[in-house]
Amino acid sequence: MKRAQRNMRGRFPRPVATSNLHLDDEADYREFEPFEGEFGLYPRAPSNDDGSALQVLTIDMQKERNAGSHNTADFINTPLLVVRRGQEFSIDITFNRPLAPQDDVQIEFLIGSDPTPQKRSLQIVTLGNREGGTWKGQILGVQGAVTTVGITPDTQSIVGLYRTYVAIATGGGMQRTQKDPTTNLYLLFNAWSPDDDVYYPDDAGRWEYVLNSSGHIYQGAVGSVSERYWVYGQFDKGVLDACIYIMDSCQMPIHDRGDIIKVARKASAMMNSQDDNGVLVGNWSDDFSMGTPPTAWTGSTKILQDYLGQGIPVCYAQCWVFAGVLCSFMRSIGIPCRVITNFNSAHDNTGNLKTELIFKPDGTPDRRNTRDSIWNYHCWCEAFMKRPDLPPKYSGWQVVDATPQETSDGYFRCGPAPVIALKDGELNHQFDCRFAFAEVNSDIVYIKMDRYGNMNVFNTDKTSVGAQILTKAVGTNGMEDITHTYKYPEGSNENNNTMSQAEQFGLERDNSEMPESKLSASITVDPCQLGDTVKVTVTFKNQNQVDKMIKAHLEVSAVFYTGVVLDEFKVEDFSIYTAAFQSNSAVFEVTPQEYMPHLGAKMSLHFVITGKTEDENVSDVKVIYLKPPPLIVQLSGTPQVNQQMFVTVYFKNPLNMSLYNARLVMEGAALLDHREFKYSVIGPNMEISQKVAFRPQKPGWRSIVAVLDCQNLTEVTGKVDVKIMP
C-alpha cells in the first residue's frame, strides 16, 4: 500500500486515501488546534456566566435507539452504531455543564486517512448558525448537561466506517475529544430514502432485497429446475467489516465509495481473484483438494470471514457462489440486490450472437471443433439503483456479474448493465451490455462440417438461449419468472426490433438462408430422480407430402453445468419410418447402471439426436438434471431468543453405491454458526444424523440451511424455517 502511494507522488500532491478499516494508530487531529486567521490568533471566546469552560465528558452513539428507524437492528454482532445515509440519527453528548447559547460546538465525522471536506471524507456538523458541511445537525433536546443532537448525512455521503469527534471553540482554538473507537459508526446506502441512488420503492422489496439474510438460488436445467438454499448472512459477525476490507484491498479511493455505480463495478471485479487478489478462486474442474468444493458452501458468511481474517482468496467458487457472495456484499452495505439464474446461458467465444455447435459428416457431435457452449444455467446478480450517468429510463435493476468470463476495462467484471437496455437492444450504454445481451439472446447454430472442412448451416434455434430467467419471489419461498424483464416474447414485433437494434451495435447474428425444413426432431424425458431409470422419447415429425425413412443417431453423455460434455457412454443408431404428415417416436431407457459410473458429481445428462434423409438434416439437444435424494432438517426446542434449541439433520443413502469423502455442513443466520462434519464412507441404505444445539440471537423468521457434499454426489440440500419469538 505504501509503495503504491509513493509511486503516486508525481501525480498527486498527497497520496489518495484508499484505506478505511485498518488505519495506522495515529491521531486524526491534535486535541487542541489553534485558530489561525488573517491577523493572527482569534480573541478568546467567552465562557459561561460562572466562568467554567465547556468540556465533553461522554459521547453516547445510542445504537439501540437509532437501529429501529434505520433498519439496522440485525447488526447485533457489532457494538458500533450502524445507520443509513439521508436519514437523521441522534446521539447524546454529556458536557460538564448545560450548553449555553454562546457555546460554539461542532461534531466531526472522518473516514479514511487524511480526510478533507473537499473530498467529503471530513464532515463538520455545526450546532449554531455557523456554516458546516453537507451533513446537517440540530439540537433535539437538552436535559441538564446532556444534549441530544440529530445528525443527517446527505444522500451522496461516502459509505464505510467513520470516526467521531466533538470539538469546542475555546479561547485560541478548537479543543477536541480524544480518539475513541467506541464512537465510530458505520454509514450505509439507504434504500428507504427517496433521494438515495439505491432507493427501492416498496417495503416488501426492501425487506427481501436488503434485509432478508437467506434465499434460494435456482439451478438444474430447463424443465428440471432445482433450488439451492443460501445464507447471505449480511448481518453476521465480521461481514460488514469484510465488505469494507474488500474495498480497501483493491485500493478503491475513499471518495468514490459513495458512488453506487463505482461501488458495484468494483465489487464485481473483487469477488473473483482472477486479476486483483479478490475474494474467491474459481474452479470448474473435478479437483477441489486444495480447498472447499463450490457445492459444499451453504452461504457467504464463512467465505467473507475467512477473506477478512486471512487476506487471501478463498478456494473455491463457481457462478452461484460468486453471485451469492456478491449479493451478501451488496445487501450488507445497503444496496438492494438479488441473485438470478439464466437457463440455457450462451457463452460465446467470438463476441457475436451465434453459438455454433459443430457436427461431423455422419451427424455425430464434433466436440473437438466446437468452441462455444451453452451453460445449463448461469447465475449473476441484479442490483437496484439509479443511473445518473444515463437517461432516467435506464435506472432500476442492473446486471452485475462477478464470475470471471471476460475483461471489462482491464478487469474480469461485468456491469452494471441496465436490464431495460438489454430488453430493448440498446447496447451502446455502459457497462458491458453487449456481453450480457448475448448470454440471453444468442442463436444456436447447428453446422455440419464435411470431410474437407467446409461448414454448412443446417439448423438455427433462436428460442432456446435464455429460455427461462428466475429469481426468488418477494416474501415467499417460491420462484419468480423474470424472463419478460429481459426479452419480449419470441417472434413478436418488439423482439424482432430488439434483435435488429442489437445488430446495429455490431452483434452479428446468423442470417443463413435455409429452405424451410418440413422435418423436425425433438427429445422429451420423463421427470426422474437420481437412481431412477431415465426414459427418453425421440420424436420425428414429418410435414412432407411423402413418407420419410430417417437414419438417426442418439448420444447420451454426462455434462458439467457449464455445457462441457464428457465422452458419450451410450450410443443408439437406428432407422425410423415416418409417414407423410405424421409423427413417429422411438423410446429408449438409460439405466442407473449405465449412467452412474460416468455421472460422478455432475448430476446432469446430455442427449443429442441427429436425423437425416436424402435431402434433410435435423437435430435436437436436451439436458436433464437428476434430482438428488433429500436431506431432512428438523428443529426442536423453544423458538425464542436465547432459549436452547436443537437442529437435527438426517440422511439415508437410497443409492446402490457408497458415497465417499462426505461432508455435512449446516448454518443459519442469527441462529447457528457454520458447522461441518465429515464421513469417509456412507454405504448403500446407510443412515447418518447430526444433532446440534444452538440459541437464537434475534427474533423473526429465520432459516437453517444444510448441505451434504460427497466426492460422487453433490447438491444434497435441505432447509427449515422457524419464527423466533422475542
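Residues numbered from 1 in each chain as written. Predicted model: local features only at pLDDT ≥ 70, side-chain atom pairs only at ≥ 80, totals over all residues. Heavy atoms only, no water.

(A) Spotlight on the overall build of the protein chain. Tallying secondary structure elements over the protein chain gives 12 helices and 40 strands in all. Projected onto the principal axes, the alpha-carbon positions of the protein chain cover approximately 110 × 60 × 45 Å. Classification of the 726 residues of the protein chain by burial places 56% in the buried group. In the protein chain, 69% of the contacts between residues at least 6 apart in sequence involve partners at least 24 apart. With an accessible surface of roughly 30,900 Å², the protein chain has 48% of that area assigned to carbon and sulfur atoms. (Helix = DSSP H or I, 4+ residues; strand = E, 2+ residues; numbered from the N terminus. Buried < 20%, exposed > 50% of the residue type's maximum accessible area, 1.4 Å probe, protein only. Contact = heavy atoms within 4.5 Å. Areas by Shrake-Rupley, 256 points an atom, 1.4 Å probe, with all protein chains shown as cover.)

(B) Spatial organisation of the UniProt feature "active site" (unreviewed entry) in the protein chain. The sites that UniProt annotates as "active site" (unreviewed entry) are Cys319, His378 and Asp401. Spanning 83 residues, the annotated positions come together in the fold, the maximum distance between their C-alpha atoms being 9.9 Å. For His378, the position within the fold is in strand β18 (residues 373-385). When near neighbours in sequence (up to four residues on either side) are disregarded, His378 contacts Cys319, Ile340, Thr341, Asn342, Ser345, His347, Asp401, Thr403, Gln405 and Glu439. A distance of 2.8 Å separates a polar atom in the side chain of His378 from a polar atom in the side chain of Asp401. Note that Asp401 resides in strand β19 (residues 396-401). Excluding its chain neighbours within four sequence positions, the residues that come into contact with Asp401 are Ser268, His378, Cys379, Trp380, Arg413, Cys414 and Glu439. (UniProt positions renumbered as here; feature names shortened; annotations may be inferred. Polar contact = N/O pair within 3.5 Å; in protein donor to acceptor, adjacent residues only side chain to side chain.)

(C) Main features of the side chain of Thr539. When you line up the elements, Thr539 lands in strand β28 (residues 534-542). Engagement of the side chain of Thr539 in a polar contact is seen with the side chain of Ser585, the distance being 2.8 Å. Setting aside anything within four residues of it in sequence, one finds Thr539 in contact with Ser520, Ala521, Ser522, Ser583, Asn584 and Ser585.

(D) Up close: the pattern of salt bridges. This model, assessed by the stated rule, comprises 31 salt bridges. Where Arg338 meets Glu382, a salt bridge forms, and the shortest distance between an N and an O atom there is 2.8 Å. With Arg338 in strand β16 (residues 337-347) and Glu382 in strand β18, this residue pair connects regions lying 44 residues apart in the sequence. Neither residue differs from the other here; Arg338 and Glu382 are each classed as buried. A salt bridge links Arg387 to Asp389, with the shortest nitrogen-to-oxygen separation between them at 2.8 Å. (Salt bridge = Lys/Arg side-chain N within 4 Å of Asp/Glu carboxyl O.)

(E) Region of interest: the sheet that holds strand β4 (residues 89-95). Taken in spatial order, the 4 strands line up as β2-β4-β8-β7 in an open sheet, and their pairing is antiparallel. A single partner strand is all that each edge strand has here, and the edge strands are β2 (56-60) and β7 (136-143). Neighbour-to-neighbour, the strand axes of the sheet open up by a mean angle of 25°, direction not taken into account. Sheet analysis places β2 next to β4, joined by 4 bridges and oriented antiparallel. Paired with Asp60 across the bridge in β4 is Asp92. (Pairing = 2+ DSSP bridges. Axes fitted to C-alpha atoms, helices over the stretch in contact; angles between N-to-C directions.)

(F) A look at the nonpolar core. Residues Phe329 and Tyr486 are the most contacted members of the largest nonpolar core, which totals 95 residues. Element by element, the count of residues in this core is highest for helix α7 (residues 319-332), at 10 residues. Inspection of this core shows a minimum of three residues originating in each of domain 1 (32-40 + 53-188) and domain 2 (203-505). If near-sequence neighbours (up to four positions away) are discounted, Tyr486 is found in contact with Ile340, Trp380, Glu382, Val399, Val419, Leu422, Lys423, Val440 and Ile469. By size, the runner-up hydrophobic cluster in this structure holds 65 residues, among which are Ile550, Ala552, Phe569 and Leu626. (Core = buried A, V, L, I, M, F, W, Y, C linked by side-chain atoms within 4.5 Å. Domains from an automatic or database assignment.)

(G) Seen up close, the environment of Cys433. You can see Cys433 is positioned in helix α9 (residues 433-441). On the accessibility criterion, Cys433 (2% relative accessible area) is buried. Between the C-alpha atom of Cys433 and that of Asp114, which follows or precedes it by 319 residues, the distance is 37 Å. If we skip the residues at most four places from it in the chain, Cys433 touches Ala417, Pro418, Ala421, Leu422 and Leu427.

(H) Looking closely at α7. With 14 residues, α7 extends 20 Å between its outermost C-alpha atoms, agreeing within 8% with the 20 Å of an ideal straight helix rising 1.5 Å per residue. In terms of burial, α7 is a largely internal element, 14 of the 14 residues being buried. Taken from the residues just after α7, Gly334 is the one with a positive phi, measuring 100°. (Expected span 1.5 Å × (residues − 1).)

(I) Looking closely at unusual backbone geometry. The step from Gly415 to Pro416 runs through a cis peptide bond, and the omega angle for that step is 5°. Relative to the assigned elements, Pro416 resides in strand β22 (residues 414-418). Following Gln430, the chain continues to Phe431 via a peptide bond in cis, the omega torsion being 0°. Here Phe431 is to be found in the loop between α8 (419-424) and α9. In this structure, Asn71 is a non-glycine residue whose phi angle is positive, near 55°. With respect to the helices and strands, the residue Asn71 is situated in the loop between α2 (63-67) and β3 (81-84). In this structure Asn71 comes out as partly exposed when scored by relative accessible area, which is 24%.

(J) Just the domain arrangement of the protein chain, in detail. The domain architecture assigned to the protein chain consists of domain 1 (32-40 + 53-188), domain 2 (203-505), domain 3 (519-625) and domain 4 (632-724). The C-alpha centroid of domain 4 is placed 38 Å from the C-alpha centroid of domain 3. Between domain 3 and domain 4, a total of about 550 Å² is buried, with carbon and sulfur atoms accounting for 65% of that surface. Where domain 3 meets domain 4, there are 0 salt bridges. Along the contact surface separating domain 3 from domain 4 lie 1 residue pair in polar contact (both at pLDDT 80 or more). (Buried area = accessible area lost by both parts, 1.4 Å probe.)

(K) Structural detail: helix α3 (residues 203-211). Of the residues making up α3, those classed as buried are Gly205, Arg206, Glu208, Tyr209, Val210 and Leu211. Those residues of α3 hidden inside the fold are in contact with β3, α7, β16, β19, β25 (468-472) and β26 (479-481). If you check the start of α3, you find a side-chain oxygen 3.2 Å away from the backbone N of Ala204, and it comes from Asp202.

(L) Layout of the sheet that holds strand β33 (residues 617-625). Reading across from one edge, β30-β29-β32-β33 is the order of the 4 strands in this open sheet, with antiparallel pairing throughout. Of all the strands in the sheet, just β30 (570-578) and β33 have a single pairing partner and so form its edges. With strand direction ignored, the average angle separating the axes of adjacent strands in the sheet is 20°. Examined bridge by bridge, strand β29 (residues 548-558) and β30 share 9 bridges and lie antiparallel to one another. Of the residues in β30, the one forming a bridge with Ala552 is Phe574. Packing against the sheet, helix α12 (residues 592-599) makes contact with β29, β30 and β32 (604-612), and its axis sits at approximately 115° to β32.

(M) Region of interest: the side chain of Asp366. Secondary-structure assignment places Asp366 in the loop between β17 (354-359) and β18. One buried charge, Asp366, has no salt-bridge partner; the nearest side chain with opposite charge is Arg368, at 5.0 Å. If near-sequence neighbours (up to four positions away) are discounted, Asp366 is found in contact with Ile358, Phe359, Lys360 and Met449. (Lys, Arg positive; Asp, Glu negative; His and termini not counted.)

(N) Local environment of the packing of aromatic side chains. Across all of its chains, the model carries 21 aromatic pairs by this definition. With centroids separated by 5.9 Å and ring planes inclined at 55°, the aromatic side chains of Tyr200 and Trp397 adopt a geometry described as tilted. Of this pair, Tyr200 sits in the loop between β11 (185-188) and α3 while Trp397 sits in strand β19, and the two are 197 residues apart along the sequence. Like Tyr200, the residue Trp397 is buried in the burial classification. A ring pair is formed by Trp284 and Phe322, whose centres lie 6.2 Å apart and whose planes are at 25°; its orientation type is stacked. Here the residue Trp284 occupies a position in the loop between β14 (280-282) and α6 (301-310), and Phe322 occupies one in helix α7, the gap between them amounting to 38 residues. (Phe/Tyr/Trp six-rings, centres within 6.5 Å; stacked < 30°, edge-to-face > 60°.)

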